[in-house]
Protein chains: 2
Amino acid sequence: MGIKERKERHREDFKARILQAAKKLFITEGYEATSIRKIAAEIEFSPTTIYLYYKDKTDIAYALHQEGFGLMRERFSALAHVDDPFERLKAMGRGYIQFAIDHPDFYELMFIMKEPMQYLQAHHPEDEWEEGEQVFNALIQTVEGCKVHGYFSSMPTEEMAMLSWSVVHGLCSLHITSHFKHIAEKCSDIELIKQDTLLESVFGAYLQLLERLK
Amino acid sequence: MGIKERKERHREDFKARILQAAKKLFITEGYEATSIRKIAAEIEFSPTTIYLYYKDKTDIAYALHQEGFGLMRERFSALAHVDDPFERLKAMGRGYIQFAIDHPDFYELMFIMKEPMQYLQAHHPEDEWEEGEQVFNALIQTVEGCKVHGYFSSMPTEEMAMLSWSVVHGLCSLHITSHFKHIAEKCSDIELIKQDTLLESVFGAYLQLLERLK
DNA sequence: TGGATTAATTAACAGTGTTAAGTAAATTTG
DNA sequence: CAAATTTACTTAACACTGTTAATTAATCCA
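Residues numbered from 1 in each chain as written. Chains lettered and ligands numbered in written order. Predicted model: local features only at pLDDT ≥ 70, side-chain atom pairs only at ≥ 80, totals over all residues. Heavy atoms only, no water.

This part takes up the packing of helix α6 (residues 104–112) of chain A against helix α9 (residues 157–176) of chain A. Residue and element names in this part refer to chain A. Where α6 meets α9, the closest approach of the two axes is 11 Å, and the angle between their N-to-C directions is 125°. Relative to α9, the element α6 is oriented oblique. Two packed elements cross with a definite hand, and for α6 against α9 that hand is left-handed. From α6, Pro104, Tyr107, Phe111 and Ile112 reach across to α9, where they touch Trp165, His169, Cys172, Ser173 and Ile176. (Axes fitted to C-alpha atoms, helices over the stretch in contact; angles between N-to-C directions. Helix = DSSP H or I, 4+ residues; strand = E, 2+ residues; numbered from the N terminus. Parallel < 35°, antiparallel > 145°, perpendicular 65-115°, else oblique. Left-handed = near helix turned anticlockwise from the far one by under 90°. Contact = heavy atoms within 4.5 Å.)

Not every one of the 17 residues close to DNA strand C is listed here, only the nearest: Ser35, Arg37 and Thr48 of chain A together with Thr49 and Tyr53 of chain B. Across the atoms of DNA strand C situated within 4 Å of the protein, the share located in sugar and phosphate is 46%. Between DNA strand C and Arg37 of chain A, the relevant distance is 2.5 Å, taken from a base nitrogen to a side-chain nitrogen or oxygen of the residue. Side-chain polar atom of Tyr51 of chain A to a phosphate oxygen of DNA strand C: 2.9 Å apart, as the coordinates give it. Contributions of two or more residues to the surface near DNA strand C are made by α2 (36–42) of chain A together with α3 (47–50) of chain B. Class assignment of the residues belonging to the surface near DNA strand C gives a composition of 6 nonpolar, 6 polar and 5 charged. (Near = heavy atom within 4 Å. Polar contact = N/O pair within 3.5 Å; in protein donor to acceptor, adjacent residues only side chain to side chain. Nonpolar A, V, L, I, M, F, W, Y, C, P; charged D, E, K, R; others polar.)

Glancing now at the relation of the copies chain B and chain A. The two copies are related by a screw operation: chain B maps onto chain A through 180° of rotation and 0.0 Å of translation along the axis, at an RMSD of 0.0 Å. The operation mapping one copy onto its partner corresponds to a two-fold rotation axis. When each C-alpha of chain B is compared by its distance to the rotation axis, Gly170 of chain B comes out closest, at 1.9 Å. Most of the interface of chain B is mirrored in chain A, where 100% of its interface residues again form contacts. (Least-squares fit on C-alpha atoms with pLDDT ≥ 70 in both.)

Looking now at the UniProt feature "DNA-binding region" (unreviewed entry) in chain A. UniProt tags residues 35–54 of chain A as "DNA-binding region" (unreviewed entry). Annotated as residues 35–54 of chain A, this span is 55% helix and 0% strand, and its ends, taken at the C-alpha atoms, are 13 Å apart. (UniProt positions renumbered as here; feature names shortened; annotations may be inferred.)

Another aspect to go through is the UniProt feature "domain: HTH tetR-type" (unreviewed entry) in chain A. Sequence positions flagged by UniProt for "domain: HTH tetR-type" (unreviewed entry) are, in local numbering, residues 12–72 of chain A. Split by type, residues 12–72 of chain A is 74% helix and 0% strand. Its first and last C-alpha atoms lie 23 Å apart.

Counting 154 residues, the largest nonpolar core has Phe152, Leu163 and Trp165 of chain A together with Phe152, Leu163 and Trp165 of chain B as the members making the most contacts within it. Aside from chain neighbours lying at most four places away, what touches Phe152 of chain A is Phe86, Leu89, Val143, Cys146, Lys147, Met160, Leu210 and Leu213 of chain A. (Core = buried A, V, L, I, M, F, W, Y, C linked by side-chain atoms within 4.5 Å. Buried < 20%, exposed > 50% of the residue type's maximum accessible area, 1.4 Å probe, protein only.)

Here we come to the packing of helix α4 (residues 57–77) of chain B against helix α6 (residues 104–112) of chain B. All names here are of chain B. Interaxial distance between α4 and α6 falls to 9 Å at its minimum, and their mutual angle equals 110°. Overall, the two elements α4 and α6 adopt an arrangement that is roughly perpendicular. The two elements α4 and α6 cross, and the hand of that crossing is left-handed. Across the interface between the two elements, Ala61, Leu64, His65, Glu67, Gly68, Phe69, Leu71 and Met72 from α4 touch Phe106, Leu109, Met110 and Phe111 from α6. Tallied by class, the residues present in the contact of α4 with α6 amount to 9 nonpolar, 2 polar and 1 charged.

Let us now look at the environment of His81 of chain B. All names here are of chain B. One can find His81 in the loop between α4 and α5 (85–102). Of the residues examined, His81 reaches a relative accessible area of 68% and is grouped as exposed. In sequence terms His81 and Leu198 are 117 residues apart; their C-alpha atoms lie 28 Å from each other.

Next comes the structure, spelled out in structure tokens:
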């Protein structure tokens, strides 16, 4: 039954081709402008053909969401070799922020939009959210390591991890939605007006909090 | 010229009627399902009539965004009488979180969606973002008060305010997008699985950090 | 009362996601 | 090998969306 395998492989190739076209449009024109019809035109097939390979648009959104997590894991894997857990925690936070600045569209799809997570819940309710949990587990382990080194004593690991995630996500999210843009102008501190440094310096303030309660 | 005034008032009434209809649809069916045509049907006018009173859909979105800030300010005004600034900071955080839980749709419009802020930037670039700045200033002043009482010494006020905002926004945002739902299941700590307590307990962890460095 | 202004309408454009029905090619079966 | 069946894909269509241009009905002013 080698023929069935070949067909399956062809099918996977086709799915990848669709995703590649979707990714191209998504990066250059954003999610809203990435229509099924445009994806179809890109790969020179009829729009309905897409539906033979992806259930609906949120299915494609989830696939792109996964692509984004691939990119993020790539970055984070470089930090696995930072031995000191507190240094690694710092580096993860900075890496997370830099990822959001470098790939705002992917960040939006991964952490701001509801569609991909809703798709997961609606169509694969039993499945776990692998991509996210992998990254989150890395964070959990890093926090655990920090505790071994005397940080955050008497603070629950999970809460500490979620807090750290919330801090960086809050920063990135308010940056991308341009909420900070409208608020930072009124700031007296000139340093903070520069958007790029704003995120890092507020994250720096968080790190100072952590450092002081070793 | 009393007639011109009456017309102007009628115009404002009509704008309010449109907004009321939009608000009703928005609350019951969400933003995406709130179409210009449905709003028009609700007030029993033609869809194009809407455009005589609101520039486009993002204009309506911004008006609803402002409505949301009205609701939020209403809640926060009750906290103005909490004298101790650190207690007020706690109460503001809890109030912010509770607002997001009680009015997730408004919260999305106010802090997660890009459209309203983009409208502000595109059509009123000189204007300030009054609603947001009012709330943010209340936060600034509260942080300032905390510093007087010996908290966050040597931490810049603005950074501290932005950090606090980022923490609660990060929590609310990850809750609404149901990211926490998929991650909390794996948590060993049973307390955290309950979504409602999760936000408050992670915020509690943040407060503990603050308290310890008085 | 007649002309100008204003308010609201209908019709239409250009798009969206998605489904049902139809066609041509490839594959399996008798 | 020819007939039947499955597979891959397309066309046509539905029910929407935001938005604009052209048009009609009503009101105001001289």
